[in-house]
Amino acid sequence: MSQAADSNRLAVLLAEHSELETQLADASIHADAGLARRVGRRYSELSPIATTNAELQAALADLSAAEELAADDPDFAAEAEQLRREVPRLEEKLAELLLPRDPDDSRDVIVEIKAGEGGEESALFASDLLRMYLRYAEKHGWATEVIDSQESDMGGVKDVSLAVKTKGNPEGGNGVWSRLKFEGGVHRVQRVPATESQGRIHTSAAGVLVLPEAEEIDIEINANEVRVDTYRSSGPGGQSVNTTDSAIRLTHLPTGIVASCQNEKSQLQNKEQAFRILRARLLAAKQEEADAAAGAARKSQVRTVDRSERVRTYNYPQNRVTDHRIGYTAHNLDQVMQGDMDAVLDALTTAERQSRLEGGDGDLSRG
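Remember, it's a predicted structure, so these values are computed and weren't measured experimentally.

**Student:** Looking at this structure, how should I read the packing of aromatic side chains?
**Tutor:** Each aromatic ring pair is characterised by the separation of its centres together with the angle its planes make. Inspection of every chain in the model, using the stated rule, returns two aromatic pairs. Aromatic pair Phe-125 and Tyr-314: ring centres 5.4 Å apart, planes at 65°, arrangement edge-to-face. In this pair, Phe-125 sits in helix α4 (residues 120-139) while Tyr-314 sits in strand β9 (residues 310-315), placing the two residues 189 residues apart along the sequence. Using a relative accessible area of 0% as the deciding quantity, one classes Phe-125 as buried. The class for Tyr-314 is buried, based on a relative accessible area of 0%. Considering the side-chain rings of Tyr-136 and Trp-142, the 5.6 Å spacing of their centres and the 75° angle between planes classify their relative orientation as edge-to-face. Take Tyr-136 and Trp-142: they sit in the same class, and that class is buried. Of note, Arg-191 hangs over the ring of Tyr-316, and the distance from its end group to the ring centre comes to 4.9 Å.

**Student:** Mind showing me how you'd approach helix α2 (residues 33-70) here?
**Tutor:** The periodicity of an α-helix, 3.6 residues per turn, causes residues three or four positions apart to be oriented the same way. Helix length check: α2 (38 residues) gives 54 Å between terminal C-alpha atoms against 56 Å at 1.5 Å per residue, within 8%. Within α2, the axis deviates most sharply at Leu-46, by approximately 35°, and proline Pro-48 lies no more than four positions further along. Of the residues that open α2, the one with a side-chain oxygen 3.2 Å from the backbone nitrogen of Gly-34 is Asp-32.

**Student:** I'm lost on the side chain of Asp-108 in this one. Help?
**Tutor:** As for its placement among the helices and strands, Asp-108 is situated in the loop between α3 (74-97) and β1 (109-115). Of the residues examined, Asp-108 reaches a relative accessible area of 8% and is grouped as buried. A polar atom in the side chain of Asp-108 sits 3.0 Å from the side chain of Arg-41. Within polar-contact distance, the side chain of Asp-108 engages the backbone nitrogen of Thr-166 at 3.0 Å.

**Student:** Help me understand the packing of α2 against α3 in this model?
**Tutor:** Helix packing geometry: the angle between the two helix axes and the distance between the axes. Direction vectors running N to C along α2 and α3 enclose 155°, while the axes themselves pass 8 Å from each other. Classed by the angle they form, the pair α2 and α3 counts as roughly antiparallel. The handedness of the crossing between α2 and α3 is left-handed. Of the residues belonging to the contact of α2 with α3, the class tally is 18 nonpolar, two polar and six charged.

**Student:** How should the sheet that holds β1 be read in this particular structure?
**Tutor:** Hydrogen bonds between backbone groups are what pair the strands of a sheet, and the pairing can be parallel or antiparallel. Overall, mixed pairing links the eight strands, which are arranged β2-β3-β1-β5-β4-β9-β10-β11 in an open sheet. Strand pairing shows two members of the sheet lacking a second neighbour, β2 (143-151) and β11 (328-330), which therefore form its edges. Strand-to-strand twist in this sheet, taken as the mean axis angle between neighbours without regard to direction, amounts to 15°. Where β1 and strand β5 (residues 202-212) come together, seven bridges link them in antiparallel fashion. Each bridged residue has a counterpart across the sheet, and for Ala-115 the counterpart in β5 is Ala-206. Taken strand by strand, helix α8 (residues 342-357) contacts β9, β10 (320-323) and β11, and its axis lies near 165° from that of β11.

**Student:** I'm lost on the sheet that holds strand β8 (residues 257-261) in this one. Help?
**Tutor:** Strands sit in the order β6-β7-β8 across an open sheet of three strands; the sheet is antiparallel. Either end of the sheet is taken by a strand with one partner, and the two such strands are β6 (226-231) and β8. Recorded for the sheet is a direction-independent mean angle of 15° between the axes of neighbouring strands. Taken together, the six bridges between β6 and strand β7 (residues 247-252) define a ladder with antiparallel strand orientation. Each residue of the ladder has a partner; that of Val-226, found in β7, is His-252.

Reading the values: the criteria
- Here the residue index of a chain counts from 1 through its sequence in written order.
- Two thresholds apply to this predicted model, a pLDDT of at least 70 for residue-level local features and 80 or more for giving and counting side-chain atom pairs, whereas whole-chain, interface and lining totals are computed over all residues.
- The basis for every side-chain value is the complete set of non-hydrogen atoms in the structure, without hydrogens or water.
- Geometry of aromatic contacts follows a simple scheme: Phe, Tyr and Trp rings, the Trp one being its six-membered ring, pair when their centres are within 6.5 Å, and the pair is stacked under 30 degrees between planes, edge-to-face over 60, tilted otherwise.
- Strands are runs of DSSP state E lasting at least 2 residues, helices are runs of H or I lasting at least 4, and numbering of each runs from the N terminus.
- Here's how the labels work: a residue is buried when its accessible area is under 20% of the maximum for its type, exposed when over 50%, partly exposed in between, all with a 1.4 Å probe on protein chains only.
- Over a ring means this: the NZ of a Lys or the CZ of an Arg is within 6 Å of the ring centre and within 35 degrees of the ring normal.
- The span you would expect from a helix comes to 1.5 Å times its residue count less one.
- Working definition for bend: take the seven residues up to and ending at a residue and the seven starting at it, fit an axis to each, and measure the angle between the axes.
- Residues adjacent in sequence count toward polar contacts only when both atoms are side-chain atoms; beyond that, a polar contact is any pair of N or O atoms within 3.5 Å, and within protein one must be able to donate a hydrogen and the other to accept it.
- The axes are straight lines fitted to the C-alpha atoms, using for helices just the contacting stretch, and the angles between their N-to-C directions are given from 0 to 180°.
- With respect to orientation, any angle under 35 degrees is reported as roughly parallel, any angle over 145 as roughly antiparallel, any angle of 65 to 115 as roughly perpendicular, and every other angle as oblique.
- Each crossing gets its hand from how the near helix is turned against the far one by less than a right angle, where anticlockwise is left-handed and clockwise is right-handed.
- For this scheme, ten residues count as nonpolar: Ala, Val, Leu, Ile, Met, Phe, Trp, Tyr, Cys and Pro. Four count as charged, namely Asp, Glu, Lys and Arg, and the remainder, Gly too, count as polar.
- Here, a strand pair is defined by DSSP locating no fewer than two bridges between the strands.
- Whether two residues touch is decided by their heavy atoms; if any such pair falls within 4.5 Å, the residues are in contact.

Listed below in structure tokens is the structure:
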């Protein structure tokens, strides 16, 4: 991006930040909780740009004054030298903040985990991944909610949908999506399964799909275009866990996208939760279409659980975790599975930022 384009973009964003500040100061906006939340999140997203620009302008003004006074007072010469080092740092930081960012970074997410190859061991690994994300969310003070889950016979999970939300407006607009978006794909595990009697190491996989959670204003669903089916909830082994047909399956007829929920006891609650999942899936499909139309389609997250299409491997015998997209390897798998994921996610965030600095789209799914 040219310096002139940077300058124009900065002016537009600073004007937007000022306008949002005015809106938030108006008490009437808080009568609409959804609007207040969206305005607050956008304000938080733009605040680092406004703050860094203010720091840069102050540093430039101080540098000019220090250089003018340095001729008469050597103490100002030292201050001027320090400011000459500080100004480029702030300019670089501002330029990075002005790079186009992922528009979903401030959003909450729905994480879907599905057992794949490996039978019961895969379901147990899927439950381990669920526990890892729950603990990571807890460390960051995020709220979590299991929307829907189907357990396996040995206490694993065949399929689970987990909502993860920030509390309040995330600092700098960096919400749950900005961290967990990298988790989409196939996760492979190498270990001795609980079902293995001879101590042999097996390889199995579980699939993870991360969806930015959509609000009703983002996706408008015509009720006449959704088929609603009811059925009886089932548990491990397929046995019925409810005497009424409370489970809900929604089919969006124009797209064929399906969402279901059986966790809640009432049909109405299951329907509401299923609509949350459906809305998120429709938003993801809409964004993929928009990317494709713009000629810059991001490679979709892996929706089929194939061991060959892996993003990360968890090797228990070597206590090793490897992210194949960026060549990251660490021997702290035990800590990662307890929710200490920041090191690997920081590495992925750095790689995404570097891609954008080099003019790419920040997509790490290409490996």
